[in-house]
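Single-letter residue listing:
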Amino acid sequence: MASVSVRYIVNDVDEAIDFYCRLLGFSEVMHPAPTFAMLARGDLRLVLSGPGGPGGGSQPMPDGTLPTPGGWNRFSLEVTDLEELVGKLRADGVSFRDDIVTGVGGKQILVDDPSGNQVELFEPTMPEAKLDGGGGGG
């Protein structure tokens, strides 16, 4: 069972399913409507909603504002060989916001999904930065 759920508003749910499942290792849990899908990768459940509904997570706000994709919030996926994955994604035409940068606990890069939502790809260089509990909490 997923322990974290993230909702992304996407322009095209089918395009987002292809991106996340084919390129980033997610699996499709359900896709009961053209404007809604639920994917999973490990303990992460990714809920995809088309803007404007129908549906709970994509309904307009009381002032009429519609949820839209993009922004700077993101989730991070731990990978084992960042350079190799980035090469494969670039060959597939995937868009990146930056180049690989090295920080205190590892290397990372920001990739855009087809709607402009960010995903951080992270390769830890310290045991404490690993998601498997290699030395730190999570």
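Everything discussed here concerns the structure shown above.
All of the points below concern the structure found in this document. Quick caveat, the model's predicted, so the values are computed rather than measured.

### Describing the side chain of Asn 117
- Residue position: Asn 117 is located in the loop between strand E7 (106-112) and strand E8 (118-124).
- Asn 117 sits in the buried class, given a relative accessible area of 3%.
- Within the structure, the side chain of Asn 117 is placed 2.8 Å from the backbone nitrogen of Gly 70, a separation counted as a polar contact.
- Ignoring sequence-local partners within four residues, the contact set of Asn 117 consists of Tyr 8, Ile 9, Val 10, Pro 69, Gly 70, Val 111 and Asp 112.

### Concerning the environment of Ala 37
- In this structure, Ala 37 sits in strand E3 (residues 36-41).
- The exposure class assigned to Ala 37 is buried, which follows from its relative accessible area of 0%.
- Spatially, the C-alpha atoms of Ala 37 and Ile 17 are 7.7 Å apart, while their sequence positions differ by 20 residues.
- Not counting residues within four places of it along the chain, the set of residues in contact with Ala 37 comprises Val 13, Ile 17, Met 30, His 31, Leu 46, Val 47 and Leu 48.

### Quick look at the sheet that holds E3
- One open sheet holds the 4 strands; their spatial order is E1-E4-E3-E2, and the pairing between them is mixed. A single partner strand is all that each edge strand has here, and the edge strands are strand E1 (4-9) and strand E2 (27-33). Each adjacent strand pair in this sheet contributes to an overall mean axis angle of 20°, direction not counted.
- Pairing of E1 with strand E4 (residues 44-49), which is carried by 6 bridges, proceeds in the parallel orientation. By the bridge assignment for E4, Ile 9 is matched with Ser 49.

About the cut-offs
- Positions within a chain are numbered from 1, following the residues in the order the chain's sequence is written.
- Local features in a predicted model are, by the rule used here, given only for residues with pLDDT of at least 70; side-chain atom pairs are given and counted only at 80 or more, and totals for whole chains, interfaces and linings are based on all residues.
- Side-chain measures here rest on the full set of heavy atoms in the structure, leaving out hydrogens and waters.
- Each helix corresponds to a stretch of at least 4 residues labelled H or I by DSSP, and each strand to a stretch of at least 2 residues labelled E; elements are numbered beginning at the N terminus.
- Any residue under 20% of the maximum accessible area for its type is buried, any over 50% is exposed, and the rest in between are partly exposed; the area is computed with a 1.4 Å probe on protein chains only.
- Whenever a nitrogen or oxygen atom comes within 3.5 Å of another N or O atom, the pair is scored as a polar contact, on the condition that within protein one atom can donate a hydrogen and the other can accept it, and that pairs from neighbouring residues in sequence are kept only if both atoms are in side chains.
- Contacts are assigned to residue pairs with any non-hydrogen atoms lying within 4.5 Å of each other.
- By the convention used here, strands pair only if DSSP detects at least 2 bridges between them.
- Axes, fitted as lines to C-alpha atoms, cover a helix only where it is in contact. Angles between the N-to-C directions of the axes lie from 0 to 180 degrees.

Everything listed here is a matter of coordinates, which is why it stays silent on function.
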